[in-house]
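Letter by letter, the chains look like this.
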There are 2 protein chains.
Amino acid sequence: VKLELLAVEGMPEVNAGDDLAALIAARCELVDGDIVVLAQKVVSKAEGRFAELTATAPTSRAVELAALTGKEPGLVELILRESREVLRAEDGVLIVETRHGFVCANAGIDSSNVPGETRVLLLPEDPDASARALRRDLGSVVQKHLAVVVSDSFGRAWRSGQCDVAIGCAGIAPLLDPRGELDREGRELIATLQAVADELAAAADLAREKSSGHPVVVVRGRGELVTGDDGPGVAASLRDPARDLFR
Amino acid sequence: VKLELLAVEGMPEVNAGDDLAALIAARCELVDGDIVVLAQKVVSKAEGRFAELTATAPTSRAVELAALTGKEPGLVELILRESREVLRAEDGVLIVETRHGFVCANAGIDSSNVPGETRVLLLPEDPDASARALRRDLGSVVQKHLAVVVSDSFGRAWRSGQCDVAIGCAGIAPLLDPRGELDREGRELIATLQAVADELAAAADLAREKSSGHPVVVVRGRGELVTGDDGPGVAASLRDPARDLFR
């Protein structure tokens, strides 16, 4: 078994309205079964998900949370607008559940590698829909059978540091279900759904040099993971908050 | 940038006392800068970390938790012996902090792919020490400059499914610190420690077919991550429980 991860070289700075599929197809030779992992940042930029901190009038709740966390009131206001619920707020930390259902810091809003002093970048409106659109566009440009994963770097409970996870996917199931398969002792493998979309995101992050711009990584060698239909998307792999033991 | 993941073919069933370094070196051609990712299971087997459920007399607390979770009392007793603290216990679920500081289900004790009806496999006593020993042995057999990661599949908060993470490492920092580097807009990249050891574990899991025995995966192409000394190990990347917001 051999897996290759190829960072797409020479991607330009992406602006709102840019055709990501065309930009990618011009810079690499895709083959059937490739899984294309795109950093959220490039997807959000193409979708024009920019916001201006200075244009965002904070509510009193945002001002209060800004004081508590030491963050800018305009940024906190944007975070709240992108969120369903604030899970933790303390000095330097604001962890929310986003409208999509992701638990992450600052609702995934990012200011690094975004042009403009007061400009920030929001997560895509619907990252699974972004993945589906990219899969359709890229598949039709290159005429190959592909999967698409949109990734972002999130912190984790219990462990320091950030790991890339999938925030959207199409053409691949986010969780691989080996139930029904037997282990080598003939016992059924149970209860181990493999989070393949997240593992693909993490793997792609290793093939990228962040500061030098590798927003797109092609994973080659696991074509059997690529499905005919778009599949349920990452949304299907988020725990039901009511059944989540760690909120 | 190109990364290759190569599953080592033909690894035999491993028994207590087996020389993993020799088994690996006989089955693949390692080069300087390779990062060798070993599934915990094969490391625990070589270290003889087997236990017998039937030989384990449960305490009254284990009997109580067994009734609550629907698990075998002998297994629960072993889980408690391997743990510092029980974090969550309910029907079908027993999440603990292990003696090592890992938050995971069942203290990482595993019964799939373990020969014997009542035999289970514990995590290594000290997985960072296991990684250091394997790095030393493997490096001296093949005379190459390598890093070693020991991985296991853990569940996560907020997301369904399991992802492989690092439980031990040597010759690589578990967290890569890009602080001081600038983004493309000239702003310092802050607060994004990349959990490279965990990302390597996740990536390796994609190159493996679990039911057909690929306990060892070689990651090639990120030799600059391999350090001269063994480094702090995975232990250094676990959050201080007192400062962990999600217990």
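Further up the page is the structure itself.
Note that residues are indexed from 1 along each chain, following the sequence as it is written. Both sets of labels track the order of writing: A upward for chains, 1 upward for ligands. Given that the model is predicted, a residue must reach a pLDDT of at least 70 before its local features are reported, and side-chain atom pairs must reach 80 or more before they are shown or counted; all residues, however, enter totals for whole chains, interfaces and linings. Only hydrogens and water are set aside; all other atoms, that is, all heavy atoms of the structure, feed into the side-chain values.

A.B. asks: Talk me through the overall build of chain A; I want residue IDs and the actual numbers.
C.D. replies: Numbering of helices and strands starts at the N terminus; helices are DSSP runs of H or I of at least 4 residues and strands are runs of E of at least 2. Helix and strand content of chain A: 6 helices and 10 strands. Within these notes, the globule rule equals 2.2 Å times the number of residues to the 0.38 power, and the radius of gyration is based on C-alpha atoms. Whereas a compact globule of 247 residues would reach a radius of gyration of roughly 18 Å, chain A reaches 19 Å, a difference of no more than 12%. Taken across its 247 residues, chain A has 55% of its residues classed as buried. Only heavy atoms enter the contact rule, under which two residues are in contact if any of them lie within 4.5 Å. Of the contacts made within chain A by residues no fewer than 6 positions apart, 60% connect residues no fewer than 24 positions apart. In these tables, accessible area is a Shrake-Rupley quantity obtained with a 1.4 Å probe, and a residue counts as shielded only by the protein chains included in the view. Here chain A has roughly 9700 Å² of accessible surface; of this, 49% comes from carbon and sulfur atoms. Asp and Glu count as negative and Lys and Arg as positive, but His and the ends of the chain are not part of the count. The atoms used to mark charge sites are NZ of Lys, CZ of Arg, CG of Asp and CD of Glu. Averaging the positions of the 28 positive and the 40 negative side-chain charges in chain A gives two centres separated by 2 Å. Any residue under 20% of the maximum accessible area for its type is buried, any over 50% is exposed, and the rest in between are partly exposed; the area is computed with a 1.4 Å probe on protein chains only.

A.B. asks: So what's going on with helix α5 (residues 127-142) of chain A? Which residues, and what values?
C.D. replies: Given 3.6 residues per turn, any residue in an α-helix points the same way as the ones three and four places further on. Residue and element names in this part refer to chain A. The span you would expect from a helix comes to 1.5 Å times its residue count less one. Here α5 contains 16 residues, and its C-alpha end-to-end distance of 22 Å stays within 8% of the 22 Å for a straight helix at 1.5 Å per residue. Taken together, the buried positions of α5 are P127, D128, S130, A131, L134, R135, L138, G139 and V142. Buried residues in α5, looked at end-on, bunch into an arc of 150°, giving them a common side. Packing partners of the buried residues in α5 comprise α1 (20-25), β2 (35-39), α2 (40-46), β8 (147-155) and β9 (162-170). The first or second residue beyond α5 is Q143, which carries a positive phi of 60°. In this description, the arc belongs to the directions extending from the helix axis to the C-beta atoms.

A.B. asks: Provide a residue-level description of the relation of the copies chain A and chain B, including the pertinent values.
C.D. replies: Once turned by 180° and shifted 0.0 Å along the axis, chain A lies on chain B with an RMSD of 0.0 Å. The operation mapping one copy onto its partner corresponds to a two-fold rotation axis. In this assembly, 100% of the residues forming the interface of chain A have copies in chain B that are likewise at the interface, indicating an isologous arrangement. A least-squares superposition brings the copies together, and it is based on the C-alpha atoms of residues with pLDDT no lower than 70 in both.

A.B. asks: Pulling in residues and values, what's your account of the interface of chain A and chain B?
C.D. replies: The interface of chain A with chain B comprises 74 residues on the first partner and 74 residues on the second. Of the roughly 6500 Å² buried between chain A and chain B on both sides combined, carbon and sulfur atoms contribute 50%. When residues of chain A are sorted by the area they lose upon contact with chain B, W158, R159 and L206 of chain A head the list and together hold 15% of the total. For this analysis, a salt bridge means a side-chain nitrogen from Lys or Arg found within 4 Å of a carboxyl oxygen belonging to Asp or Glu. Where chain A packs against chain B, one counts 6 salt bridges. The shortest N-O distance in the salt bridge between R156 of chain B and D198 of chain A comes to 2.8 Å. Polar contact criterion, stated in full: a pair of N or O atoms within 3.5 Å, where within protein one must be able to donate a hydrogen and the other to accept it, and residues adjacent in sequence count only if both atoms are side-chain atoms. Counting across the chain A and chain B interface gives 34 residue pairs in polar contact (both at pLDDT 80 or more). Note on definitions: buried area is the accessible-area loss of two parts on being combined, 1.4 Å probe, summed for both.

A.B. asks: Quick rundown of the sheet that holds β2 of chain A? Include the residues and the values.
C.D. replies: Should DSSP find at least two bridges between two strands, the strands are taken to pair. With mixed pairing, 10 strands are arranged side by side in an open sheet as β9(A)-β8(A)-β2(A)-β10(A)-β1(A)-β1(B)-β10(B)-β2(B)-β8(B)-β9(B). Each edge of the sheet is formed by a strand with only one pairing partner; in this case those strands are β9 of chain A together with β9 (162-170) of chain B. Each neighbouring strand pair of the sheet contributes to a mean axis angle of 25°, computed without reference to strand direction. Where strand β8 (residues 147-155) of chain B and β9 of chain B come together, 8 bridges link them in antiparallel fashion. Looking across to β9 of chain B, one finds that V150 of chain B is bridged to G168 of chain B. Structural elements are reduced to axes, namely lines fitted to C-alpha atoms, with helices fitted over the stretch in contact, and the angle between N-to-C directions of any two is expressed from 0 to 180 degrees.

A.B. asks: Explain the sheet that holds strand β4 (residues 83-90) of chain A to me, and be specific about the residues and the numbers.
C.D. replies: Residue and element names in this part refer to chain A. The 3 strands lie next to each other as β4-β5-β6, forming an open sheet whose pairing is antiparallel. Looking at strand neighbours, the two that pair on one side only are β4 and β6 (103-105), the edges of this open sheet. Each strand axis lies, on average, 25° off the axis of its neighbour in the sheet, ignoring direction. Helix α3 (residues 60-69) contacts β4 and β5 (93-98) of the sheet and is inclined by roughly 30° relative to β4. Sheet contacts for helix α4 (residues 73-81): β4 and β5; angle to β4, the most-contacted strand, approximately 135°.

A.B. asks: For the pairing of strand β1 (residues 2-7) of chain B, give the residues involved together with the corresponding values.
C.D. replies: Sheet topology note: the strand β1 (residues 2-7) of chain A/β1 of chain B ladder contains 5 bridges and is antiparallel. Its bridge partner being in β1 of chain B, K2 of chain A is matched across the sheet by L6 of chain B. Relative to strand β10 (residues 216-220) of chain B, β1 of chain B runs antiparallel, the two sharing 4 bridges. Bridged to A7 of chain B within β10 of chain B is V217 of chain B.

A.B. asks: Break down unusual backbone geometry for me, with residues and values.
C.D. replies: Its identity as a non-glycine residue notwithstanding, N106 of chain A has a phi of 55°, on the positive side. Structurally, N106 of chain A can be placed in the loop between β6 and β7 (119-121).

A.B. asks: Which residues make up the nonpolar core, and what are the values?
C.D. replies: Here the nonpolar core consists of buried residues drawn from Ala, Val, Leu, Ile, Met, Phe, Trp, Tyr and Cys, with membership extended through side-chain atoms lying within 4.5 Å. One finds L20, I35 and L38 of chain A together with L20, I35 and L38 of chain B to be the most contacted residues of the largest nonpolar core, which totals 104 residues. Beyond its immediate sequence surroundings of up to four residues, L20 of chain B is in contact with M11, V14, L38, V42, V43, A46 and L134 of chain B.

A.B. asks: Explain the pattern of salt bridges residue by residue, including any values.
C.D. replies: Close approach of charged atoms allows side chains with opposite charge to pair. Residue and element names in this part refer to chain B. By the definition in use, this model includes 40 salt bridges over all chains. Here R49 ties to E125 by a salt bridge, and the two come within 3.1 Å at their closest N and O atoms. You can see R49 sitting in the loop between α2 (40-46) and β3 (50-52) and its partner E125 sitting in the loop between β7 (119-121) and α5 (127-142), a full 76 residues away along the chain. Looking at R49, the relative accessible area reads 14%, which means it is buried.

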